[in-house]
Structure formats: C-alpha cells, structure tokens
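# Report on the structure
Spelled out from the first residue to the last, the chains are:
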Amino acid sequence: MYRKFLPAFWAATATLLAVLTITGCGALNEPQQASGYYFDTLVTLTAYGKNADAALEEGLALCAQYEALFSFTREGSDIWKINHANGQPVQVHPDTAFLINTALHYAKLTDGLIDPTVTPLSMLWNFSGSPPGPVPDPEQIEALLPHVNYRYVHVQDNTVRLEDPDTQIDLGFLAKGYIADRLKELFLQHEIKCGLINLGGNVVAIGSKPGNRPFRTGIRKPFGARSETAEIVDLSDQSLVTSGSYERCFTQDNVLYHHILDPATGYPAQSDLYSVTILSSSSLEGDALSTACFLLGQKKGQEWIASLPDTEALFITKDQKIHKTDGFPD
C-alpha cells in the first residue's frame, strides 16, 4: 500500500515528478547538484548559492541517516528492531517515535483507512518483484488480516511496543515527506534560498527562480510514458506529492492489481482514481494526504482537501479526467 523503503513502500504510492526546467538563483546562478540512491529510489538535490556544496553533502548524509533509522528491510534500523522484538518494548530515536506517532494520527483520522501495519500484506502481494505478483491465495490474505491493526502499536515517549508480536510496521506512506521537509530545513540553515529536492515522488521547491519565477514541474500522465505529463505545475516554496496506482502494478487474467491496498480487505483499494497530487507547504502532510485521498476516492478526497487550509489537490480519475480543488493553480 505504501511507498518508500521497502520496494512495496518507497516506489509505491509515489509518482515520479519530472522537473522540466531549472535555472539559476540570485548572483550565483550556477546550480550544484548531488544524487544518491536511498529509500529504494533516486534522490536528487539541487542548490544554488555559496554554501551549496556543503548543503548537498550534508543533505545526502541526512538521507543515509534516516534510511538507517526508518528502513523496513535494513537489519538494525529502528523499524527492523520493532518488528523483530516479539512484542517487547524497543527504545528508538526521537525522530522515529515522532514519525510513528504521526502515522498513528493519520490512521486514527481516517478510521484505519491508512494503516502503517499493512506491511505483511504488501510483501505478500510482491508488487516490487521481478516480475511482480502473482495474486496471493485468499487463505494467505485471510491469515494476515488479523495482524493488521494500527491500534496494536503503542508509543510512550521514545519507546515503541507492538501488542501483537506478528504485527509489522512500515512508515513508507509518509517517511519521504518527513525527510523532504528536514532537507528543506537543512538547506535553509545553509542560507540556500533557491533549490529543489526530489525524492522520487516528493518534490519540494525552496524559493523561486530569479525574478520570482516559479519552478515548472510536471505531473506524470497515468500509464503514459515516463516523460508524458498530465499537468504542468508552477512551484514556488511548496511541496508537490503524488500517489498513483500505476507505478507498481501487474495484470493477471486481464485484471489490473495495484500496490495501494485496503487494510480491511487485504486487496488493492477499489478507487475511482489513478492518482492524487497534493500541493502544500508540508511534504509530510502531502505524503499522507495523497495516499488517504486515493483510498477515499475523488469526491470524498476533494471535499476533505477543500476543508484544509493552504492545501490543494489534483485528482486524475480512471477516465483520465482532471479534477482540481479551487485553489490548485491552472
């Protein structure tokens, strides 16, 4: 269901957003760029200014640090320790505790529609395999469903305990958003007033181009070529996050199965949407909302976003039509 660290997470619910143009900022208009492979995706950081090199170096180091904390599959990470503790309490980094609490907040807010414990089901479906699939046996799904319940996760200060030893958590549906926000903070500490953070589905613009011109960022057309865009968005000091059903999926017996699972059934969510894109100031919030709105569907998702301050959304339904909240830029 979720995207990020685990192939069933990080590549998941995220749509690669193609940055179409990048130009200079201020007097130092030559961009500096650094890339690395973290969270099972290509991370690209771009910065302008005299402190760009230091910001980029520390930015990649921060990505490595968070991968070591949040990775579902990396032995010794906080999440790995929690999932292998057989229900015993585990002391974790404050950032891990914060992110788990945030995941539980969105689980409660959506009445379990989002659930960080859906991980065993995501693994069972094998959407990131080569090839992906096949469709699991119903008995296998039924056997895992009793262990999927966010209420089994308990956090006290920086200690985490799973009430059910067979429950497993993953933070992929919001971890990249959190990391993108932390990278933005790091850039601003280095006085980077113009830059771009691309975490393979989470794009954060710091400032604008010279003359207050926005960055031009593309939202991929569902099931189109990777370079084919459904919409171009002007982005200035904002976050853009997309979740879609077309990045990790497979077809069996002429039926398309996608990676965004319904925790109540264990099967891909029955949504009228191909993708949801959230425009907001917080990439963490955008990450969680994009997945939640996909699960809610276009009508309920659009109503929810319309009720939130400083948050806009673009929905692409299965008929390839685009629906926007009133404040989403044309």
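## Quick look at helix α7 (residues 283–296)
Over its 14 residues, α7 runs 20 Å from end to end, which matches the ideal 20 Å to within 8%, given 1.5 Å per residue. When you tally the buried positions in α7, you get 12 out of 14 residues, the bulk of the element. For α7, the N-terminal cap is S282; the gap from its side-chain oxygen to the backbone nitrogen of L284 is 3.4 Å. Positive phi shows up at G297, right after α7, with a value of about 95°.

## Concerning the pairing of strand β12 (residues 249–252)
Sheet topology note: the β12/strand β13 (residues 255–258) ladder contains four bridges and is antiparallel. When the bridges of β13 are listed, F250 appears paired with Y257. Count of turn residues in the β12/β13 antiparallel hairpin: two residues, of which D253 carries a positive phi of about 55°.

## Notes on the sheet that holds strand β2 (residues 32–38)
Read across the sheet, eight strands follow the order β2-β3-β7-β8-β11-β14-β15-β16 without closing on themselves; strand pairing throughout is antiparallel. The outermost strands of the open sheet, each flanked by one partner alone, are β2 and β16 (322–324). Put simply, the sheet's adjacent strands are angled 15° from each other on average, direction ignored. Sheet topology places strand β8 (residues 202–206) next to strand β11 (residues 239–244); three bridges connect them, and they run antiparallel. Bridging from a neighbouring strand, V203 pairs with L240 of β11. Running at roughly 10° to β2, helix α1 (residues 52–70) makes contact with β2 and β3 (41–47) of the sheet. In the packing of helix α8 (residues 298–306) onto the sheet, contacts are made with β14 (273–280), β15 (312–317) and β16, and the angle to β15 comes to roughly 170°.

## Some details on the confidence of the model for the protein chain
With 90% of its residues at a pLDDT of at least 70, the protein chain reaches an overall mean of 89. For the stretch residues 1–24, pLDDT sits under 50, and the model shows 154 contacts to residues farther than four places along the chain or on other chains.

What counts and what doesn't
Residues numbered from 1 in each chain as written. Predicted model: local features only at pLDDT ≥ 70, side-chain atom pairs only at ≥ 80, totals over all residues. Heavy atoms only, no water. Helix = DSSP H or I, 4+ residues; strand = E, 2+ residues; numbered from the N terminus. Expected span 1.5 Å × (residues − 1). Buried < 20%, exposed > 50% of the residue type's maximum accessible area, 1.4 Å probe, protein only. Polar contact = N/O pair within 3.5 Å; in protein donor to acceptor, adjacent residues only side chain to side chain. Pairing = 2+ DSSP bridges. Axes fitted to C-alpha atoms, helices over the stretch in contact; angles between N-to-C directions. Contact = heavy atoms within 4.5 Å. pLDDT = per-residue confidence, 0-100.

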